[in-house]
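So you can see what is in the structure, the chains are spelled out below.
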Amino acid sequence: GGESCMKIITLWAPWGTLIALKWKKIETRDHDRLKSLQGQTIGIHQGNKWDNDFEEMAGKYLTEGQLYDVFHKIRFDFENGTTKGKIICTTDVFDADWLIPFNSKSSLLDVDENKFGLFLVCTKLIKPVPVKGKQGIWNYEFKPGELVYL
């Protein structure tokens, strides 16, 4: 039925996992083209690329333990294909708005007034679903039994 079709956004690793773990509660962009997602449940797809600027951007907002996890378990799960190129969680876009510096910690990066954010709540891990990612917002029709909450 209609429930099985979901809007998806693709993120570079490890940002997708940081949302899945509820460490990152605001997904940011330099534009507001994702504002149509407000009020919807969306899927988070972890792309095939690892963001080498991740530590420089997020490092000061994560604990040493979290950073250790990123560079060991999370990187391992990405490299061995557990999360790479897969939809890894669903999340509800509670709000979508331009951000202020106060939002930096929840975004896991320095925020200025030129950043737009999706405020994410009720994030739920799913059994990773392999699918080719795309830019922008895209739709994915889950096959019967494919959307499995963990």
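Up top you'll find the structure we're talking about.
Quick caveat: nothing in here was measured; it's all calculated off a predicted structure.

Conventions we followed
Residues numbered from 1 in each chain as written. Predicted model: local features only at pLDDT ≥ 70, side-chain atom pairs only at ≥ 80, totals over all residues. Heavy atoms only, no water. Pairing = 2+ DSSP bridges. Helix = DSSP H or I, 4+ residues; strand = E, 2+ residues; numbered from the N terminus. Axes fitted to C-alpha atoms, helices over the stretch in contact; angles between N-to-C directions. Contact = heavy atoms within 4.5 Å. Core = buried A, V, L, I, M, F, W, Y, C linked by side-chain atoms within 4.5 Å. Buried < 20%, exposed > 50% of the residue type's maximum accessible area, 1.4 Å probe, protein only. Patch = residues over 30% accessible without salt bridge, like charges linked within 9 Å, V, L, I, M, F, W, Y side chains within 5 Å. Areas by Shrake-Rupley, 256 points an atom, 1.4 Å probe, with all protein chains shown as cover. Salt bridge = Lys/Arg side-chain N within 4 Å of Asp/Glu carboxyl O. Phe/Tyr/Trp six-rings, centres within 6.5 Å; stacked < 30°, edge-to-face > 60°.

(A) Expanded view of the pairing of strand 1 (residues 5-13). Two strands pair when backbone bridges link them, and strand 1 and strand 6 (residues 137-141) are joined in this way by five bridges, in the antiparallel orientation. Each residue of the ladder has a partner; that of lysine 7, found in strand 6, is asparagine 139. Of the strand pairs in this sheet, strand 1 and strand 3 (residues 41-50) are connected by six bridges, and their pairing is parallel. Following the sheet pairing, alanine 13 is matched in strand 3 by tryptophan 50.

(B) Representation of the sheet that holds strand 6 within the structure. Across the sheet, which stays open at both edges, the six strands sit in the order 2-5-4-3-1-6 with mixed pairing between neighbours. Sheet topology places strand 2 (26-29) and strand 6 at the edges, where each strand pairs with a single neighbour. Strand-to-strand, the axes of this sheet are offset by a mean angle of 45°, without reference to chain direction. Packing against the sheet, helix 3 (residues 64-79) makes contact with strand 1 and strand 3, and its axis sits at approximately 95° to strand 3.

(C) Looking closely at the nonpolar core. Of all hydrophobic cores here, the largest spans 32 residues; its most connected members are Ile9, Trp15, Leu37, Ile44, Phe54, Leu108 and Leu118. Residue contacts for isoleucine 44: discarding those within four places in its chain leaves Ile9, Leu11, Gly16, Ile19, Lys86, Ile87, Ile88, Cys89 and Thr91.

(D) The arrangement of the environment of valine 129 in detail. Within the fold, valine 129 resides in strand 5 (residues 116-130). The buried category is assigned to valine 129, whose relative accessible area is 1%. Not counting residues within four places of it along the chain, the set of residues in contact with valine 129 comprises Gly85, Lys86, Ile87, Tyr140, Phe142 and Glu146.

(E) Just a nonpolar patch on the surface, in detail. On the surface, Leu125, Val148 and Leu150 cluster together into a nonpolar patch covering about 270 Å² of accessible area. Tracing the backbone through its elements, the reader meets leucine 150 in the segment after strand 6.

(F) Representation of the packing of aromatic side chains. All chains considered together, the criterion is met by five aromatic pairs. Centroid distance tryptophan 15 to phenylalanine 54: 5.5 Å. Interplanar angle 75°. Geometry classified as edge-to-face. Taken together, the positions of tryptophan 15 in helix 1 (residues 15-20) and phenylalanine 54 in helix 2 (residues 54-58) put the pair 39 residues apart, joining distant regions of the chain. Residue tryptophan 15 is classed as buried on the basis of its relative accessible area, which comes to 8%. Ring centres of tyrosine 140 and phenylalanine 142 lie 5.0 Å apart, and the angle between their planes is 90°; on these two criteria the pair is classed as edge-to-face.

These figures capture arrangement, not role.
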